[in-house]
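Each chain, written out:
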Amino acid sequence: MTPRHSGVRDVITYNWPQYVAGTATAAAAALLAPRLPRALRPLARTGSAAALTLLCTATAASWHVYDRSGLYTYDWLEALLPRVPSEYVVVSTGLDEVSAPLAARWPKARQTVIDLYDRTLTDEGSVRRARRRVPPPAHAVPGRPGALPHPANSADTVLLVFAAHELRQPQDRERLFTECARLLRPGGTLLVAEHLRDASNTAVFGPGAWHFLPRREWLRLAAHAGLEHSAERRFAGLITAFTFTKDQG
């Protein structure tokens, strides 16, 4: 099976209002510049150039990460999860691009997919548009951040890939991490992969990087759930994957 890439075209499709707004801002500033007092013209032209530059850097970064980095081959999992799980849980918050390639990668493992999508919790328009285009798999089961429908101490691995940041309230994220810890067997692993709100992501996504969460928040959530930070890997220059382990005792 060929892994499905999110792809730069999907990113533009899901986030088209931001692209329209950025293009309109750049065009308006460029058109307005000649009509402004001479002292303000450079400022308007600079604003127009900045808006276009941000659109270009964000698009190029999306192409690099989602189309060129090998993200959706999931080969990078081998360094973080050296043993294939016998049972694992994929948690999504609206767009699941994880469960299908992992089912092909780990055909003998038992997979559970939990869908947390709720417009009252995940209010981003991009998530709604993505969900219309890529509906959840038929075997996905609905859940809530504080109530994942899966037995305690039963999963070797729980995966949150570009999912948990869509829960905008800290208490919802705390409930989710606590539930993930409940699902894990002693010694089991929670894997989290996310863009971070850091210098690299801010440089290419500009204000859009504030939709991401800082590294310290993911470490805080894991500690809150009683999980130990066991490994961390940066790839494609913009994605960070963490593993957090449940105590053996």
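Criteria and cut-off values
- Residues numbered from 1 in each chain as written.
- Predicted model: local features only at pLDDT ≥ 70, side-chain atom pairs only at ≥ 80, totals over all residues.
- Heavy atoms only, no water.
- Core = buried A, V, L, I, M, F, W, Y, C linked by side-chain atoms within 4.5 Å.
- Buried < 20%, exposed > 50% of the residue type's maximum accessible area, 1.4 Å probe, protein only.
- Helix = DSSP H or I, 4+ residues; strand = E, 2+ residues; numbered from the N terminus.
- Contact = heavy atoms within 4.5 Å.
- Pairing = 2+ DSSP bridges.
- Axes fitted to C-alpha atoms, helices over the stretch in contact; angles between N-to-C directions.

### Some points on the nonpolar core
Next, step 1: Counting residues in hydrophobic clusters, the biggest one holds 32 residues, and the most contacted among them are Trp76, Leu77 and Leu102.
Next, step 2: When residues of this core are traced back to their parent elements, those giving at least two are helix H3 (41-68), helix H4 (77-80), strand E1 (87-92), strand E4 (155-161), strand E5 (184-195) and strand E7 (239-246).
Next, step 3: Ranked by the residues each element gives to this core, the list is headed by H3, at 4 residues.
Next, step 4: The contact partners of leucine 77, leaving out residues within four places of it in the chain, are Leu102, Trp106, Leu159 and Leu191.
Next, step 5: Counting 28 residues, the second largest nonpolar core, distinct from the first, contains Val89, Val192, Leu227 and Phe244.

### A few points about the side chain of aspartate 172
Next, step 1: Turning to its location among the elements, aspartate 172 is positioned in helix H7 (residues 170-183).
Next, step 2: Residues contacting aspartate 172, with those up to four places away along its chain left out, are Leu121, Pro145 and Leu167.

### Quick look at the sheet that holds E5
Next, step 1: Overall, mixed pairing links the 7 strands, which are arranged E3-E2-E1-E4-E5-E7-E6 in an open sheet. Two strands bound the open sheet, and with one partner strand each, they are strand E3 (141-142) and strand E6 (227-235).
Next, step 2: Across 2 bridges, strand E2 (residues 110-115) lies against E3 in parallel orientation. The residue bridging isoleucine 114 from the neighbouring strand is valine 141, located in E3.
Next, step 3: Here H7 sits on the sheet and contacts E1, E4, E5, E6 and E7; the angle it forms with E5, its principal contact strand, is near 140 degrees.
Next, step 4: Here helix H9 (residues 215-224) sits on the sheet and contacts E5, E6 and E7; the angle it forms with E7, its principal contact strand, is near 15 degrees.

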